[in-house]
Number of protein chains: 2
Amino acid sequence: MKLHCSRELLLNALTIVNKAISNKTTLDILKCILLTATEKGLIVTATDLELGIQSAPITAAIEETGSIALEAHLFTEIIRKVNGTEVFIQTNEKNETSISCGFSDFKIVGQNGEDFPTLPKVEKKQEYKMLQSNLKNMIRQTIFSIAQEESKPILTGELLEFKQNQIQMVSVDGYRISFRKEEVSENNREIQVVVPGKTLSEINKILSNEERVVLLYTTDKHILFDIDGNIVVSRLLEGDYIKYEQSFSEDYKTKFYVNTTDFLQTLERVSLVSRDSKKIPVKLDITEKKLIVKAQAEMGTAYEEIHVDVEGEALQIAFNPRYLIEALRVIEDDKVAVQFTTSLSPCIMKPLQGEAFRYLILPLRL
Amino acid sequence: MKLHCSRELLLNALTIVNKAISNKTTLDILKCILLTATEKGLIVTATDLELGIQSAPITAAIEETGSIALEAHLFTEIIRKVNGTEVFIQTNEKNETSISCGFSDFKIVGQNGEDFPTLPKVEKKQEYKMLQSNLKNMIRQTIFSIAQEESKPILTGELLEFKQNQIQMVSVDGYRISFRKEEVSENNREIQVVVPGKTLSEINKILSNEERVVLLYTTDKHILFDIDGNIVVSRLLEGDYIKYEQSFSEDYKTKFYVNTTDFLQTLERVSLVSRDSKKIPVKLDITEKKLIVKAQAEMGTAYEEIHVDVEGEALQIAFNPRYLIEALRVIEDDKVAVQFTTSLSPCIMKPLQGEAFRYLILPLRL
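Residues numbered from 1 in each chain as written. Chains lettered and ligands numbered in written order. Predicted model: local features only at pLDDT ≥ 70, side-chain atom pairs only at ≥ 80, totals over all residues. Heavy atoms only, no water.

Caption draft 1: Spotlight on the overall build of chain A. When helices and strands are counted, chain A shows 6 helices and 27 strands. Reported as C-alpha extents along the three principal axes, the dimensions of chain A are approximately 80 × 50 × 35 Å. For chain A, the residues scored as buried account for 55% of the 366 residues in total. Once local pairs closer than 6 in sequence are excluded, the contacts in chain A between residues at least 24 apart make up 67%. On chain A, roughly 17,000 Å² of surface is accessible, and the fraction owed to carbon and sulfur atoms is 46%. Each charge class in chain A can be summarised by its mean position, and for the 44 positive and 53 negative side chains these summaries are 3 Å apart. (Helix = DSSP H or I, 4+ residues; strand = E, 2+ residues; numbered from the N terminus. Buried < 20%, exposed > 50% of the residue type's maximum accessible area, 1.4 Å probe, protein only. Contact = heavy atoms within 4.5 Å. Areas by Shrake-Rupley, 256 points an atom, 1.4 Å probe, with all protein chains shown as cover. Lys, Arg positive; Asp, Glu negative; His and termini not counted. Charge placed at Lys NZ, Arg CZ, Asp CG, Glu CD.)

Written out as structure tokens, the structure reads:
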């Protein structure tokens, strides 16, 4: 392999594919980035065997095609810190790799590119197309409520449901449900897949806030995201996701409308006294014209009143404040509607505008 | 105790005194901030018994004098997050403390202010006066080379020498010496004290970059810094500091002048290959017109040439790159002079301008 290419383009590609490098791996080859010099350009690839990322081909002057696997952290730091604009890379039959750029000459020992695991094949047919900014928002607004524990592996991922021209994303951790929907390009195939949380959080870092397109393809076992020509392939989680639809009932006996930021900040303040123990609940006392939010813990008590518009009956109910806070933090609308049936039934929170997302949160026993 | 005061002024004072709160303490009272309502205003104090900080009195409407000790983290977070401009604080005989501000009412249980340890008395005579920005710079440019190990406790602090109208600060970790001097107000008393590194790094966060004054006072056991009326009292380290003066010899056989940033970046790049093991040296090969910097480790080799102006003999010498890098990072001048006698003797590095600071670094055996 012998080539030269732009340092900036190479660094951009490395930044993207590095997100598939796991710190936990004990396999030396998985600590490496694969460089492949092809006639289309230089391609960089990384994988932790669950998530694989392959860059779009980088324009490069390829004098000799070939491949080499180089320790990801070292190679990336070299490319980040050298001071030239053009990088020269050359390997020999012993996998010794010369890297020259600016003032610097490095020789590092790589591993045979042939030993690098190949990414799973996902055929590019039956595509779903959507805006990167939309997918990014969907992930941000749901990922916080995936299950952290491994006891129900399926819940450590998110459900992606494709229906006609809609994509729905759902996360459930046993105490709450986040639901978010968005438009995708029309497609007759209705499918459901469960994507690991780690994949989505890495994808989230790669997606642009701009109005560019992302393409999604699935098989039984894998999902492929094509983001500006960069390919992210992830295995899917196996098993049946829980039925969540009927949980979002439209019935309510009590409902209030509140300024999102005011409600969030009140909860953040009131929950200060309970920070040492997550189990100390925040109590909501909903009366005709106001909401009283209070907490009582060993270290003290907190009390706030906040203006709300109430429909229906008065109600007292208690929550783990974190569950309310995390949902409120990702809601962009100024106002939210929060509705209840009884003090032992879940509450449903929705932004006032639109039907794009909704949250369900289980109360604590008073 | 009963008072109200500006939330902003109280928060500023809390931010300063919190630097004396140790996360490691097991004594409950040391996790607290002491609030003292006096006729001069509200004073807040924190201590870890080695370092104590007392705020300048905050203007407050004191209805009832008194004192209370409140859990520092909780109280600070409350004051940070409440949304009013004026804070009301009232205690009762059971040490229950009401804190009201904006929408919020908190009741937290404090401890008797009388149980809070008093800060050591340091009489304010024989003062040394200097600019805060100068002291801040001195700390920044020397603190990185204090000893981290506790095997020689005296070296975990810095030597402060007051001589006529000069203050000298020195740190030594067994492999290198940082020396920095600055002007102070004339004072006939010549003294030497050793101040714990932790004290200096906390002081550094409190000192302003502006041209305001800091006053220093010492006793046999303590040093007091008066920073804009905020009092920082620290115990001194006991024992004899090592004699360092004769190490800074002016003799040399080889000397080069180099651009500070170029030399720093070259060392950062070349040391990339040795990152897994600190013991892998960076070799300097000094010839008539250039400096070759190289490193060889298991994972690869790095090589760079850099333009320097050389005086005297050619020389090959090796260093722990971290020691050179940390000194170069805090040097503000464009150019440094680096001088050597033999490949086994220490090198001395100085900015080209002025005599305010100099570094000594021991080489590694080639």
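Caption draft 2: The relation of the copies chain A and chain B, seen in detail. With an RMSD of 0.0 Å, the operation that places chain A on chain B is a rotation of 180° combined with a shift of 0.0 Å along the axis. Both chain copies can therefore be described as sitting about a two-fold axis. Relative to the rotation axis, the closest C-alpha in chain A is found at asparagine 23 of chain A, a distance of 14 Å. When the interface residues of chain A are mapped onto chain B, 100% of them again lie at the interface, so the same face is used by both copies. (Least-squares fit on C-alpha atoms with pLDDT ≥ 70 in both.)

Caption draft 3: The arrangement of the sheet that holds strand S17 (residues 222-227) of chain B in detail. Residues and elements named next belong to chain B. The strand order across the open sheet formed by 9 strands is S10-S6-S2-S3-S4-S18-S17-S16-S11, and the pairing between neighbours is antiparallel. At either margin of the open sheet sits one strand with a lone partner, and together these are strand S10 (111-112) and strand S11 (128-131). Here S11 runs beside strand S16 (residues 213-218); their pairing, made up of 4 bridges, is antiparallel. Bridged to methionine 130 within S16 is valine 214. (Pairing = 2+ DSSP bridges.)

Caption draft 4: Examining the state of the cysteines more closely. Residue and element names in this part refer to chain A. Evaluation of the coordinates by the stated rule reveals 0 disulfides over all chains. Free cysteine cysteine 5: the closest other cysteine sulfur is in cysteine 101, separated by 9.0 Å. Overall, the relative accessible area of 1% leaves cysteine 5 in the buried class. Owing to a relative accessible area of 4%, cysteine 101 belongs among the buried residues under this scheme. (Disulfide = S-S within 2.5 Å.)

Caption draft 5: View of the packing of aromatic side chains. Residues and elements named next belong to chain A. Applying the stated criterion across every chain, the model contains 18 aromatic pairs over all chains. Between tyrosine 128 and phenylalanine 162, the ring centres sit 4.1 Å apart and the planes meet at 25°, which makes this aromatic pair stacked. Residue tyrosine 128 is located in strand S11 (residues 128-131), and its partner phenylalanine 162 is located in strand S12 (residues 157-163); the two are separated by 34 residues in the primary sequence. Neither tyrosine 128 nor phenylalanine 162 differs from the other in exposure class; each is buried. Their ring planes at 45° and their centres at 6.4 Å tell us that phenylalanine 319 and phenylalanine 340 sit as a pair that is tilted. (Phe/Tyr/Trp six-rings, centres within 6.5 Å; stacked < 30°, edge-to-face > 60°.)

Caption draft 6: Region of the structure containing the sheet that holds strand S26 (residues 347-351) of chain A. All names here are of chain A. Across the sheet, which stays open at both edges, the 9 strands sit in the order S15-S12-S13-S14-S27-S26-S25-S19-S23 with antiparallel pairing between neighbours. Of all the strands in the sheet, the pair left with one neighbour each is strand S15 (191-196) and strand S23 (309-312). Between one strand axis and the next, the sheet turns by 20° as a mean value, whatever way the strands run. In this structure, strand S19 (residues 254-259) lies alongside S23, joined through 4 bridges in antiparallel fashion. Within S23, the residue paired with phenylalanine 256 across the bridge is valine 310. Its contacts with the sheet place helix H4 (residues 197-206) against S12, strand S13 (166-172) and S15, and it is angled at close to 80° to S15. Strands in contact with helix H5 (residues 260-270) are S19 and strand S25 (335-340); relative to S19, the strand with the most contacts, it is inclined by about 95°. (Axes fitted to C-alpha atoms, helices over the stretch in contact; angles between N-to-C directions.)

Caption draft 7: Molecular detail of the pairing of strand S14 (residues 176-183) of chain B. All names here are of chain B. Of all 8 residues that make up S14, 6 are buried, and the element is covered over most of its length. Sheet topology places strand S13 (residues 166-172) next to S14; 7 bridges connect them, and they run antiparallel. When the bridges of S14 are listed, glutamine 168 appears paired with lysine 181. Counted between consecutive antiparallel strands, the loop separating S13 from S14 contains 3 residues, among which glycine 174 sits at a positive phi close to 95°. Note: S14 against strand S27 (residues 357-361), 5 bridges, orientation antiparallel. Considered in S27, the bridge of phenylalanine 179 is made with arginine 358.

Any link to function would need more than the numbers given here.
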